[in-house]
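# Structural characterization, general
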Amino acid sequence: MERDLTKTAAYDYDLPKELIAQDPAEPRDSSRLLVVHRKDGLTEDRIFRDITEYLRPGDLLVMNDTRVLPARVEGVKINGGAKVEIFFLHPGARRDEWTALVRPGRKLPEGTKVALDAGVEITVGARLEDGLRTVAFADGDDPFTLIHRYGQTPLPHYITDTHAEPERYQTVYAKREKENSVAAPTAGLHFTPGLLRKLTDMGVPHAFVTLQVGLGTFRPVKAENIAEHVMHTEFCEIPPAAAAAINETKEKGGRVVAVGTTVVRTLESFAREYGRIVPGALSTRLFISPGYRFRVIDALITNFHLPMSTLLMLVSAFGGYETMMRVYNEAVEKRYRFFSFGDSMFIE
């Protein structure tokens, strides 16, 4: 029976809980790699470091150099003592204000004071859309300093029993000055410095763009029809060197290989906005699903994504719905490891 690809339920699949990776592969490039050939739908089972056999001189890897902020902070409600969890998302309009998810949000009226430590207080502010809140810091306090002092790396909810150090949830090329994401661009977790050097030596350079990963990337789709899902705004930017490298690659007939769905959304957002890749910054709500016409990317490195997620819809748009759903079922049968610390796919 033909599936209605406008329905969220069309992107569901059965995943045994034990296939949700709790720890990453060591070393990074020893994870499994499922190669998917879009032309004929054939697949190959490899190891990630074998990616060198599928990339060729003239290709360009484009990576997201964002870094994960230790955004999950716990405090205590003043005049009550109840525990409060604050998940900082991004700075607000004022220097001393951030947008955050706050729990238990309904029990915290505007103006509630939360203590992070003796003498360190923040104030829960106004309610925003989708359950978000403003959170204000005291005059003179630096938000980034306090978040680093009291925060923890916000691992996804499905990672419940890990031995991984927080730094293992960062890519090896994450830039400290780009530390403003609440989740890692996980397709890049498989790269090692040595693998990147090997690829560069064989004529496959890499370029960096930035998308600050926020709610837009990982918020679940709750609408029955995918057209009713609203993406949250995420900030992305392309520096001049990356724009030049991407355009030169396209002009010379090389392939632009996106390392992760955040890179896809960055490049495609710029192409939609400007008709081509130019340096600059913008805010995007781009939601890619089957039927989308890709303008920039030619191949994709990506992890295995949650059922009925916008990420699976994006991958289905690029690889073809029938192909990708079959490949996901094949990956389950072959016991690939799923989600952030899991294995990888190369779709060409």
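Residues numbered from 1 in each chain as written. Predicted model: local features only at pLDDT ≥ 70, side-chain atom pairs only at ≥ 80, totals over all residues. Heavy atoms only, no water.

For the protein chain, an unreviewed UniProt entry supplies the name S-adenosylmethionine:tRNA ribosyltransferase-isomerase and the organism Cloacibacillus evryensis. Under the heading Sequence similarities (unreviewed entry), UniProt records this for the protein chain: "Belongs to the QueA family." Database annotation for the protein chain, UniProt heading Catalytic activity (unreviewed entry): "7-aminomethyl-7-carbaguanosine(34) in tRNA + S-adenosyl-L-methionine = epoxyqueuosine(34) in tRNA + adenine + L-methionine + 2 H(+)". (UniProt positions renumbered as here; feature names shortened; annotations may be inferred.)

What follows deals with the overall build of the protein chain. Along its length, the protein chain carries seven helices and 18 strands. The C-alpha radius of gyration of the protein chain comes to 21 Å, within 12% of the 20 Å expected for a compact globule of 348 residues. Projected onto its principal axes, the C-alpha coordinates of the protein chain cover approximately 65 × 45 × 40 Å. Considering the protein chain as a whole, with its 348 residues, one finds that 55% of them fall into the buried category. Long-range contacts, defined here as pairs at least 24 residues apart, represent 71% of the contacts in the protein chain between residues at least 6 apart. Counting every atom, the protein chain has about 15700 Å² of accessible surface; 50% of that belongs to carbon and sulfur. Positive and negative charge centroids in the protein chain, built from 44 and 47 side chains respectively, lie 1 Å apart. (Helix = DSSP H or I, 4+ residues; strand = E, 2+ residues; numbered from the N terminus. Rg over C-alpha atoms; globule rule 2.2 N^0.38 Å. Buried < 20%, exposed > 50% of the residue type's maximum accessible area, 1.4 Å probe, protein only. Contact = heavy atoms within 4.5 Å. Areas by Shrake-Rupley, 256 points an atom, 1.4 Å probe, with all protein chains shown as cover. Lys, Arg positive; Asp, Glu negative; His and termini not counted. Charge placed at Lys NZ, Arg CZ, Asp CG, Glu CD.)

Turning our attention to the packing of helix H6 (residues 310–319) against helix H7 (residues 321–333). Axis separation between H6 and H7 bottoms out at 7 Å; the angle between their running directions is 120 degrees. Classified by the interaxial angle, the pair formed by H6 and H7 is oblique. Contacts between H6 and H7 involve Leu312, Val315, Ser316 and Gly319 from the first element and Tyr321, Thr323, Met324, Met325 and Tyr328 from the second. (Axes fitted to C-alpha atoms, helices over the stretch in contact; angles between N-to-C directions. Parallel < 35°, antiparallel > 145°, perpendicular 65-115°, else oblique.)

Quick look at the pattern of salt bridges now. For the coordinates displayed, the defined rule picks out 26 salt bridges. As a salt-bridge pair, Glu26 and Arg168 come within 2.8 Å of each other at their nearest N and O atoms. Of this pair, Glu26 sits in the segment before strand S1 (32–36) while Arg168 is found in the loop between strand S11 (151–152) and strand S12 (179–181), placing the two residues 142 residues apart along the sequence. Given the relative accessible area of 10%, Arg168 is considered buried. For Glu129, the salt bridge goes to Arg285, with nearest N and O atoms at 4.0 Å. Of this pair, Glu129 sits in the loop between strand S9 (120–127) and strand S10 (132–137) while Arg285 sits in the loop between strand S16 (280–284) and strand S17 (299–303); the two residues are 156 residues apart in sequence, bridging distant segments of the chain. Using a relative accessible area of 52% as the deciding quantity, one classes Glu129 as exposed. Through salt bridges that share partners, Asp45, Arg326, Glu330 and Lys334 make up one connected network. (Salt bridge = Lys/Arg side-chain N within 4 Å of Asp/Glu carboxyl O.)

What follows is about unusual backbone geometry. Cis geometry marks the peptide bond from Glu26 to Pro27; its omega dihedral reads -5 degrees. Its location among the elements puts Pro27 in the segment before S1. Residue Pro104 is reached from Arg103 by a cis peptide bond, and omega for that bond is -5 degrees. Tracing the sequence through the fold places Pro104 in the loop between strand S7 (97–103) and strand S8 (113–117). Here the phi dihedral of Asn79 falls at roughly 65 degrees; this positive angle occurs in a residue that is not glycine. Structurally, the position occupied by Asn79 is in the loop between strand S5 (72–77) and strand S6 (83–91). The phi torsion at Arg335 lies on the positive side, around 65 degrees, for a residue other than glycine. Tracing the sequence through the fold places Arg335 in the loop between H7 and strand S18 (344–347).

Because each turn of an α-helix spans 3.6 residues, side chains separated by three or four positions end up pointing in the same direction. Those residues of helix H1 (residues 143–150) lying buried are Pro143, Leu146, Ile147 and Tyr150. The arc enclosing the buried residues of H1, seen along the axis, measures out at 100 degrees, which places them on a common side. (Arc of directions from axis to C-beta.)

Core analysis: the largest hydrophobic core is formed by 67 residues, its most contacted members being Leu267, Phe338 and Met345. Among the elements that make up this core, the one with the highest residue count is H7 (seven residues). (Core = buried A, V, L, I, M, F, W, Y, C linked by side-chain atoms within 4.5 Å.)

In the structure shown here, the tally under the stated rule is 19 aromatic pairs. With 5.9 Å between their ring centres and 40 degrees between their planes, Phe270 and Tyr274 make a pair best called tilted. Residue Phe270 and its partner Tyr274 are located together in helix H5 (residues 261–274), separated by four residues, close to a single helical turn. With a relative accessible area of 0%, Phe270 lands in the buried category. The class for Tyr274 is partly exposed, based on a relative accessible area of 41%. Taken together through their ring pairs, the aromatic side chains of Tyr13, Tyr158, Phe304, Tyr328, Tyr336, Phe338 and Phe339 make up a single cluster. The ring of Phe318 has Arg38 lying over it, and the distance from NZ or CZ to the ring centre is 3.9 Å. The ring of Phe208 carries Lys175 above its face, with NZ or CZ at 3.7 Å from the centroid. (Phe/Tyr/Trp six-rings, centres within 6.5 Å; stacked < 30°, edge-to-face > 60°. Lys NZ or Arg CZ within 6 Å of the ring centre and 35° of its normal.)

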